[in-house]
Amino acid sequence: MRRLPMPSVGRLWHGIKVGLTVSFALQVAAVSVVTAVDERRKRREPPTGEFPHFMPKHADVANTEVTTYTFGRDLYADMLDAINSAQTSVYFETYIWKADEVGIAFREAIIAAAKRGVATYVIVDVFGNLNQDPRFRHFPEIDNLHVLRFPFVQPGRMTGFIRHSGLDHRKLLIVDSEISFVGGYNIGSLYADHWRDTHVRLTGPQTWELENAFVDMWNAHRPRGEKRLTDRGTPEWNSRVRAVQNLPVRLSYPIRSLYLGALDRAGSHAWITMGYFIPDRDLQEALIAAAARGVDVRVLIPEYSNHIVADWAGRPSYKGLLDAGVRIFLYQGAMVHSKTMTVDGEWSTVGTANLDALSMRGNYEINVEIYSASLAEKLEKIFHLDLTNSRELTSEEWENRHRLARVLERILRPLGVIL
C-alpha cells in the first residue's frame, strides 16, 4: 500500500504561523469593531453616573467595627480624616491615583502627615498611572516619607518568570495600626461620585490583617536603601476576619480558592458583584454546581464596563451559567466596579480581585474575608439596592442575540486568559 507523504517540518511551521497570523488579525479586527460600536453607544447614550447608594453601614465583628462604603465621596472623606488625624503611621497603597482634585487632596494629606513626623509609606503602581503626569507620583524629599513606585517593566513579563511579574492592583490604607481600608475604590474624582464601588473600613484589632499585608508587600519590593518594616504580629487570633493576598513573588494565589471554597459550601444563596467577570472553567463549574443543587446564585456585573473588550471576552460563559439557573443582572447607567460576594447570610468578602485571569493568577490582589451575619446582612441590603438599578439578562434574550455577536464572542474568547 502506498504511503501518504508526510508534511515537512517547514510546512507545518509555515501552517502554524499562518494560523496564528490569521487568528491575531481576526482578534485585532474584532477588538476594533466592539470598541468602535461602544464609542458610538456612549455618544448616543452617555452614562448618567447616577445610581442609588446607602450611607456608610456599620457592623461589629471580632472586637472590630466594620464600615461598608458604597459612595466614593463618603469613603474619601473618612480616608482623608484618618490620614489628617494620624499620629504614628500611615501606610497607603493604590493602583490608580488620578492627578485631579481628589488625587491632589490625598497627596497633600500624605505629605502633611510626613512633615508632622508621622512614619508615612506609599506604594503606587506605575502602570495604573501611565496616563497621568509622571511628576505627580514623585514626592518631595522628606525624612518620614518613603515611596515605592511599583514598576511596570519587570523581568518576569519578558521571561515568563512569574515571581517577577504582575501589577499591584491593591487599594489599602492603614493608619496608626488601628484604622484600615480596603476595597475596589481607586483614587480620583471620577470614582468619587460616578462609579459604584465597595470599600470597607476596619477599626480595631483586626486592622492587623491589612497592616501585615502592606508590610509583606513593602518588604518584598522596597526600594534599594529602604529599611524593612517590622511585622508586629497579631494582638489576637480571630478567624472571623482574615486578609487573603495574591502574591506572585511567593507564587501564592489563594483568592481564587477563596471564591471556589465559598461556592462549594453555599447552601442557600451566593450573590456576587463584580466589575470584570471572566470566570475560568473551574469557577464556571462551581457556579453551575451551586445552582444545580438549588442555591440562589446571582451575578451582578456592569452592562457596559469601562473595558468593553473584557466584557466581550467574558460573554462565552453566559450560556452555560444561564442554562444552569445562574441569574445574571446588568447594572445600568454607571460603572459598577465592586468585588464582593456574600454567601448564606454568614460569609462575605470585599476586596480588589475580579473574577478574571489577571486577578486570579496574575496581579497582586487583596480581599478581606469576614464571617459575620451582621455584615452579610448589610451587603445583602446593598445587593438588593443595586438590583433596583439593574436589569436581568434572560436565557431567551441571550439565545436571540445577533449572529455577528456570536462570531465576535468566539474570536475574542481566547483573550480571556490574559484579561
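The structure reproduced in this document is the subject of the present report. Keep in mind that what you see is a predicted model, and the values were worked out from it rather than measured.

## Digging into the packing of helix 7 (residues 254-265) against helix 8 (residues 281-292)
Inference 1: Two elements in contact, helix 7 and helix 8, have axes whose closest approach is 9 Å; the angle formed by their N-to-C orientations is 15°. Here helix 8 runs roughly parallel to helix 7, going by the angle between their axes. Seen from above, helix 7 lies across helix 8 with left-handed handedness. Residues Arg 256, Tyr 259, Leu 260, Leu 263 and Asp 264 of helix 7 form the contact with helix 8, whose participating residues are Asp 282, Leu 283, Ala 286, Leu 287 and Ala 290.
Inference 2: Here the contact of helix 7 with helix 8 is composed, by residue class, of seven nonpolar, no polar and three charged.

## As for the sheet that holds strand 10 (residues 241-246)
Inference 1: Ordered by their spatial adjacency, eight strands build an open sheet running 10-17-16-15-11-12-13-18, and the pairing between neighbours is mixed. The open sheet terminates on both sides in strands that have one partner only, identified here as strand 10 and strand 18 (390-393). Across the sheet, the axes of successive neighbouring strands diverge by a mean angle of 20°, strand direction being ignored.
Inference 2: Note that strand 15 (residues 339-343) and strand 16 (residues 347-351) share four bridges and pair antiparallel. Residue pairing for strand 16: Met 341 is matched across the bridge by Thr 349.
Inference 3: Strand contacts of helix 7: strand 10, strand 11 (269-274), strand 15, strand 16 and strand 17 (365-371), with the helix running at about 130° to strand 10, the strand carrying the most contacts.
Inference 4: Each of strand 11, strand 12 (296-302), strand 13 (327-331), strand 15, strand 16, strand 17 and strand 18 is contacted by helix 12 (residues 373-387), which is oriented at about 60° to strand 11, the strand it contacts most.

## Structural notes on the pattern of salt bridges
Inference 1: Under the defined criterion, the tally for this structure stands at 25 salt bridges.
Inference 2: Residue Arg 201 is joined to Glu 65 by a salt bridge in which the shortest nitrogen-to-oxygen separation is 3.7 Å. Of the two residues, Arg 201 is situated in strand 9 (residues 199-203) and Glu 65 in strand 2 (residues 64-69); the sequence distance between them amounts to 136 residues.
Inference 3: Given a relative accessible area of 27%, Glu 65 falls into the partly exposed group.
Inference 4: Sharing partners across several salt bridges, the network here consists of Asp 38, Glu 39, Arg 41 and Lys 42.

## Structural notes on the sheet that holds strand 2
Inference 1: One open sheet holds the eight strands; their spatial order is 1-2-9-7-6-3-4-5, and the pairing between them is mixed. The open sheet terminates on both sides in strands that have one partner only, identified here as strand 1 (57-61) and strand 5 (145-150). This sheet shows a mean twist of 15° between the axes of neighbouring strands, independent of strand direction.
Inference 2: The pairing of strand 3 (residues 89-94) with strand 4 (residues 119-125) spans six bridges and is parallel. Note on strand 4: the bridge partner recorded for Thr 94 is Val 124.
Inference 3: Along the sheet, helix 3 (residues 101-115) makes contact with strand 3, strand 4 and strand 5, crossing strand 4 at roughly 150°.

## Quick look at the pairing of strand 1
Inference 1: The side-chain alternation of strand 1 yields one buried face, formed by Lys 57, Ala 59 and Val 61, and one unburied face, formed by His 58 and Asp 60.
Inference 2: Note: strand 1 against strand 2, five bridges, orientation antiparallel. What sits directly across from Val 61, in strand 2, is Thr 64.
Inference 3: Hairpin connection between strand 1 and strand 2: a loop of two residues separates the two successive antiparallel strands, and Ala 62 in this loop has a positive phi of roughly 50°.

Rules used in this analysis
Residues numbered from 1 in each chain as written. Predicted model: local features only at pLDDT ≥ 70, side-chain atom pairs only at ≥ 80, totals over all residues. Heavy atoms only, no water. Axes fitted to C-alpha atoms, helices over the stretch in contact; angles between N-to-C directions. Helix = DSSP H or I, 4+ residues; strand = E, 2+ residues; numbered from the N terminus. Parallel < 35°, antiparallel > 145°, perpendicular 65-115°, else oblique. Left-handed = near helix turned anticlockwise from the far one by under 90°. Contact = heavy atoms within 4.5 Å. Nonpolar A, V, L, I, M, F, W, Y, C, P; charged D, E, K, R; others polar. Pairing = 2+ DSSP bridges. Salt bridge = Lys/Arg side-chain N within 4 Å of Asp/Glu carboxyl O. Buried < 20%, exposed > 50% of the residue type's maximum accessible area, 1.4 Å probe, protein only.

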